[in-house]
Amino acid sequence: QVQLVESGGGLVQPGGSLRLSCAASGSIFSIYAMSWYRQAPGKQRELVAAITTGGSSNYADSVKGRFTISRDNAKNTVTLQMNSLKPEDTAIYYCKSDLRTVAGPRIGVWGQGTQVTVSS
């Protein structure tokens, strides 16, 4: 059994910052890519940022220069630092981990999501 637990969402004014964290736990053998997705009301879920085990990252064009993804391989955590937030960043943010369990195949695991609301 593997689970991802997110934290750090909330309400922030435009131009503000939030830091999202996600911790993976359970019968994990190894973790490959870790990523953040978001889904706004009425829209499809989209990739926000992803990071490999080696630290290579990529971002959606809409967040480049404002968001930073990082990870701690020893703690199985991934963080999304979000600066200069805009109302259009409002969404539920989901953490995803591409991993291999101790006794199973390589799988993708999702967190439960955390709400981010950017509004004055």
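Residues numbered from 1 in each chain as written. Predicted model: local features only at pLDDT ≥ 70, side-chain atom pairs only at ≥ 80, totals over all residues. Heavy atoms only, no water.

(A) Structural detail: unusual backbone geometry. Positive phi, normally seen in glycine, also occurs at Asn76, with a value near 55°. Locating Asn76 in the fold gives a position in the loop between strand E7 (67–72) and strand E8 (77–82). (Helix = DSSP H or I, 4+ residues; strand = E, 2+ residues; numbered from the N terminus.)

(B) Quick look at the pairing of E7. Burial along E7 is one-sided: Phe67, Ile69 and Arg71 are buried, and none of Thr68, Ser70 and Asp72, which face the opposite way, are. With six bridges joining them, E7 and E8 adopt antiparallel strand pairing. If you follow Ser70 over to E8, its bridge partner there is Thr79. Between E7 and E8, which pair antiparallel and follow one another directly, the connecting turn spans four residues, one of which, Asn76, has a positive phi of 55°. (Buried < 20%, exposed > 50% of the residue type's maximum accessible area, 1.4 Å probe, protein only. Pairing = 2+ DSSP bridges.)

(C) The state of the cysteines, seen in detail. According to the stated counting rule, one finds one disulfide in the structure shown. Here Cys22 connects covalently by a disulfide to Cys95, the sulfurs 2.1 Å from one another. Across the S-S bond linking Cys22 and Cys95, the dihedral sits near -80°, which makes this disulfide left-handed. On the criterion of sequence distance, the pair formed by Cys22 in strand E3 (residues 18–26) and Cys95 in strand E9 (residues 91–101) is long-range, its members being 73 residues apart. Look at Cys22 and you get buried, because its relative accessible area is 2%. Owing to a relative accessible area of 0%, Cys95 belongs among the buried residues under this scheme. (Disulfide = S-S within 2.5 Å.)

(D) Representation of the environment of Pro41 in the model. Following the sequence through the fold, Pro41 ends up in the loop between strand E4 (28–39) and strand E5 (46–51). Given the relative accessible area of 73%, Pro41 is considered exposed. Sequence separation of Pro41 and Arg66 is 25 residues, and the distance between their C-alpha atoms is 22 Å.

(E) Broad picture of the packing of aromatic side chains. Enumeration over the complete set of coordinates arrives at two aromatic pairs. With 6.4 Å between their ring centres and 85° between their planes, Tyr94 and Trp110 make a pair best called edge-to-face. Placement of Tyr94 in strand E9 and of Trp110 in strand E10 (residues 106–110) is noted, with a sequence separation of 16 residues between them. The exposure class assigned to Tyr94 is buried, which follows from its relative accessible area of 12%. An aromatic cluster is defined as three or more aromatic residues linked by ring pairs; in this entry it consists of Tyr37, Tyr94 and Trp110. The ring centre of Trp110 lies 4.6 Å from the NZ or CZ of Arg45, which sits over that ring. It is Arg106 that lies over the ring of Tyr32; its NZ or CZ is 3.7 Å from the centre. (Phe/Tyr/Trp six-rings, centres within 6.5 Å; stacked < 30°, edge-to-face > 60°. Lys NZ or Arg CZ within 6 Å of the ring centre and 35° of its normal.)

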